[in-house]
Amino acid sequence: MSQTNFSPWDDPNGKPLIRFDNVTKKFGEFVAIDDLTLDIYEREFFALLGPSGCGKTTMMRMLAGFEDPTSGKMELAGKNIAGIPPNKRAVNMMFQSYALFPHLTVWDNIAFGLRRGGASKQQIEKRVEEMLTLTRMTKFARRKPHQISGGQRQRVALARSLAKAPKLLLLDEPLGALDKKLRQDTQFELMDIQESTGTTFVIVTHDQEEAMTVASRVAVMDEGRIIQVATPDRIYEAPNSVYVADFIGDVNIIEGTVKPAGEDLYYIDWNPNQAPLLAASERPFSDGQTAHLAIRPEKITISAEQPVEAKNTAKGSVLDIAYLGNLSTYYVQLDGGQVVKAQTANTRRLSRRSITWEDKVWISWSATAGVLLDR
Amino acid sequence: MRRASWFNITSLTLGFAFLYLPMVLLVFYSFNSSKLVTVWAGFSTKWYGELIRNEAFLDAAVVTLKVAVISSTLATILGTMAAYVLVRGGKFMGRTLFSGMVYAPLVMPEVITGLSLLLLFIGIGLDRGVLTIVLAHTTFSMCYVSVVVSSRLVTFDRSLEEAALDLGCSPFDAFRLVTLPIIAPAVISGWLLAFTLSLDDLVIASFTTGPSSTTLPIKIWSAVRLGVSPEINALSTIMIGVVTVGVIAASLISKHRTVKAQHDLQAAERGTS
Ligand SMILES: Nc1ncnc2c1ncn2[C@@H]1O[C@H](COP(=O)(O)OP(=O)(O)O)[C@@H](O)[C@H]1O
Ligand SMILES: [Mg+2]
C-alpha cells in the first residue's frame, strides 16, 4: 500500500470524520448498540467485524440516517447529525442486497442519485461514464439489473453509491454473495477505488480475512459493544481479550495462575504435570491472578526431541494432522490432556516429513510468542 | 402426461357446461333473426344494428363507462394510498383496526352498502346522479384495490425505497420514482378489477342512481322485466366480449413479463461475469 504512514488515529490533533459519542440504540427493551464511543477518520477504510446480530447493520443504518440513536450523539465532519434525514446526508450506502432499481437500466441506476442533486445533463453524463469505467461496466450500461450477473450487479451498486462522491461510503457485507475467487479480486478492486477516490469507507463484514485484507483499522464487536479497535496487525498480534483473539484467526488459549517473574515477565502455572510457562506482558498482573495465555499456532514449534533453548516447552503426542497444502496443523495432546494446535509451513515434500500420528513430540515457544490476557 | 380417463372428461364437460352454457346460449341467440328469444330463425346481426340506433342504450353505455373510468381511477388512488400506509406505516395506534376497517366492505352485503350510501347522500342533500354513483363505486371498489396492492407491497423489498432516500430522494419522490413503477402491474390490475366491478354493479348503482343517470346493468335489468329481447342479448354479448378481451390481455401481459424476466435471467447467468 502507498499509505504506509497513514495513521490519523495516533495524531492527537486529528479531526475524526465520524464520531460516536456514548451512542445507545434500543429496539424496545433490546439493546442493539450499547454505549458506543468511536472515532473514524477521513480516508480510512474502517471494518466492522463481529458475529451475526452484534449490531453492525444497526450502526450503519444510524450513520445513513435510517435509525436514530436512542441516546448519545453522532457527529459527521464535526456536525451533529441527529434528525437529519437520509436524503440530506453526504453519506451513501451500498446495501447488503444491492437494492438496484429493477425497472431502470444500469446507466439510469448510476445516474439516479446525480439527478436528485440538480447537476446539469452533461455533468451527469460525464460522471456516469466515469463510474462505468471505474467499475468496468461500460459495456453493460443499457442492461437492466436482472440481465447481468451477481458480480456485475455488485459493481453497479458500488458505482451507484460512489457516483455522488459522498464523504462517507457505507458498505454492508458488500461481497457476501460472491464466491471466493471473485471476492478476493473485488476486495483489491475496492481498495484501489477507495484509494483513488479518497472516500472514507466503512465496511461491514463477518469474514475476518476480508476485514484484515482491506481495512486500515478493524473494530471487533460483540453484542452491541466494541471490544477492540486497532490496525489489522495489532488486532492479530495484540488482541486485548480472549474474545478478540479467538475471533480473529486460530489461537490456543491456556488458562492458569500468574506468578511474577521479573520485569514484565510472568510465570503461568497451568498444569501440575507440566513446567510453568513464561510469558512477557506489558499489562501488569498480580500474584495469583487467573489469566489466559493466547498463542497463535504458527508461533509454536513442534519437534521430536526436547528443545534446549526454548523458554516454554511441553510434551505430548500427535493426535491429528490437518494438511492444508501450504501449511500443516498438528493437534498435539499434552500430558495434562489439553490439545494444542501447532502449525508449520510445508516447505518439504509430504513424504519426507518426520512427525506423524501418535508420535511423542515436544512443542515450544518463546516468552514473547503469546499474549497474556485477563479476560 | 396422463391419459384423460372417462371420468375426467365427464367432470370437465359438466363443469364447463355449468359455467358457460348460459353465456353460450345468450351469445347464440343474439345472432337470432327472430324476435322471439327462444325460437331459432336463422343467423342475423340485425339486433346489433338496432342496438347502435337505440339512444337509451347508448346513453346508458356512456354513463356506465364514465362512472367506471372515474370511480376506478379514484379507487386506485385511494386504495393504493391506504395499502401503502397500512403496509409501510409501521406500528401506529389502531393499525389493526384500520386494516380491518379497510377490508370490511369486501364482506359487507351490497344491499347494506347501497342503503347506507343512499342514506348518507340524502342526509347531506346530494342530488342523485352520476356523481353519487361514482362516489358509491369508489367506496366499495377501493378496498379491492387496496387488497391487490398491499399483497404486492408486502413482498416489496424495502431496501429499494431506502436506497432511493439514500441517493437523495424525498419520501414522496422515492414513492413516485421507485415504488410506484415497480408495483405498477399490481396497481393496474387493481384498476382493472375496480373497472369491472363498477361496470357490472347493479345493486349499489340502483340505490344511488338518479333519473338522469341510468347505467347499463340498470337498463338491462329494467328492460328484461318487460321481457327478454334479442337486443339485450346483443348488448350482453358485447359486454362479455369487452370483459373477455380485457382479462385475456391482462393475463397475456403478465405472462409475457414473467417469461421475459426468466429468459433474461437465464441469459445473464449464462453470460459473462
Ligand atoms: N428494526 C428492528 N427491530 C427490532 N430489533 C432489531 C431491528 N433491527 C435490528 N434488530 C436487532 O438488533 C440486533 C442487531 O442487528 P443487526 O445490526 O442487523 O446485526 P448484524 O448486522 O451485526 O448482524 C439483532 O439482534 C436484531 O435482531
Ligand atoms: Mg447485517
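Please read these numbers as outputs of a predicted model, since none were measured by experiment.

Definitions and limits used
Residues numbered from 1 in each chain as written. Chains lettered and ligands numbered in written order. Predicted model: local features only at pLDDT ≥ 70, side-chain atom pairs only at ≥ 80, totals over all residues. Heavy atoms only, no water. Near = heavy atom within 4 Å. Polar contact = N/O pair within 3.5 Å; in protein donor to acceptor, adjacent residues only side chain to side chain. Areas by Shrake-Rupley, 256 points an atom, 1.4 Å probe, with all protein chains shown as cover. UniProt positions renumbered as here; feature names shortened; annotations may be inferred. Helix = DSSP H or I, 4+ residues; strand = E, 2+ residues; numbered from the N terminus. Buried < 20%, exposed > 50% of the residue type's maximum accessible area, 1.4 Å probe, protein only. Pairing = 2+ DSSP bridges. Axes fitted to C-alpha atoms, helices over the stretch in contact; angles between N-to-C directions. Contact = heavy atoms within 4.5 Å. Buried area = accessible area lost by both parts, 1.4 Å probe. Salt bridge = Lys/Arg side-chain N within 4 Å of Asp/Glu carboxyl O. Domains from an automatic or database assignment.

Asker: Tell me about the site of ligand 1, residues and numbers included.
Answerer: Residue and element names in this part refer to chain A. Every residue close to ligand 1 is listed here: Phe27, Phe30, Ala32, Ser52, Gly53, Cys54, Gly55, Lys56, Thr57 and Thr58. One nitrogen or oxygen atom from the main chain of cysteine 54 is found 3.2 Å from an oxygen atom belonging to ligand 1. In the model, an oxygen atom of ligand 1 is placed 3.0 Å from a nitrogen or oxygen of the glycine 55 main chain. Look at ligand 1: alone it shows 560 Å² of surface, and the protein chains cover 59% of it.

Asker: Which residues make up the UniProt feature "transmembrane region" (unreviewed entry) in chain B, and what values do they have?
Answerer: All names here are of chain B. The UniProt feature table records "transmembrane region" (unreviewed entry) at residues 12-31, 67-87, 99-124, 130-154, 174-194 and 232-253. Its end C-alpha atoms 27 Å apart, residues 99-124 is made of 88% helix and 0% strand. This span, residues 130-154, is 100% helix and 0% strand, and a straight line between its end C-alpha atoms measures 35 Å.

Asker: Any chance you could break down the environment of Val339(A) for me, citing the residues and the numbers?
Answerer: All names here are of chain A. Structurally, the position occupied by valine 339 is in strand E18 (residues 339-345). The partly exposed category is assigned to valine 339, whose relative accessible area is 36%. For the pair valine 339 and valine 258, spaced 81 residues apart in sequence, the C-alpha separation works out to 21 Å.

Asker: Help me get a handle on the sheet that holds strand E9 (residues 217-222) of chain A, residues and values and all.
Answerer: Residue and element names in this part refer to chain A. With respect to topology, six strands assemble into an open sheet ordered E6-E7-E8-E3-E9-E10, the strand pairing being mixed. Because the sheet does not close on itself, it has two edges, and the strands there are strand E6 (91-94) and strand E10 (225-230). Neighbour-to-neighbour, the strand axes of this sheet turn through a mean angle of 20 degrees, independent of strand direction. Two elements, strand E3 (residues 45-49) and strand E8 (residues 200-205), share five bridges in a ladder whose sense is parallel. The partner of alanine 47 across the bridge, within E8, is isoleucine 203.

Asker: I'd love a proper account of the interface of chain A and chain B, names of residues and values included.
Answerer: Taken together, the contact pairs 27 residues of chain A with 22 residues of chain B. Roughly 2,100 Å² of surface becomes buried between chain A and chain B when both sides are summed, with 61% attributable to carbon and sulfur atoms. Where chain A meets chain B, there are one salt bridge. Residues Glu162(B) and Arg61(A) are paired through a salt bridge, measuring 2.8 Å at the closest nitrogen-oxygen approach. Viewed at the interface, chain B and chain A are joined by eight residue pairs in polar contact (both at pLDDT 80 or more). Those elements that place two or more of their residues in the side of chain A that touches chain B are helix H1 (56-64), E6, helix H2 (106-116) and helix H4 (150-162) of chain A.

Asker: Can you lay out the pattern of salt bridges for me, pointing to particular residues and giving the numbers?
Answerer: Under the definition given, this model contains 21 salt bridges over all chains. The salt bridge involving Arg127(A) is made with Glu130(A); its shortest N-O contact spans 2.9 Å. With Arg127(A) and Glu130(A) both in helix H3 (residues 121-134), this residue pair falls three residues apart, about one helical turn. The exposure class of Glu130(A) is partly exposed, given its relative accessible area of 35%. Here the salt bridges share partners, and the residues they tie into one network are Lys25(A), Arg61(A), Glu67(A) and Glu162(B).

Asker: Account for the domain arrangement of chain A, naming residues and giving values.
Answerer: Residue and element names in this part refer to chain A. Per the domain assignment, the segments of chain A are domain 1 (8-245) and domain 2 (250-373). On a C-alpha basis, the centroid separation for the pair domain 1 and domain 2 is 39 Å. On the side of domain 2, 10 residues touch domain 1, which itself brings nine residues to the contact. Together, the buried faces of domain 1 and domain 2 total about 760 Å²; carbon and sulfur atoms form 53% of this surface. At the junction of domain 1 and domain 2, the tally comes to one salt bridge. Here lysine 299 makes a salt bridge to glutamate 237, at a shortest N to O gap of 2.8 Å. Viewed at the interface, domain 2 and domain 1 are joined by four residue pairs in polar contact (both at pLDDT 80 or more).

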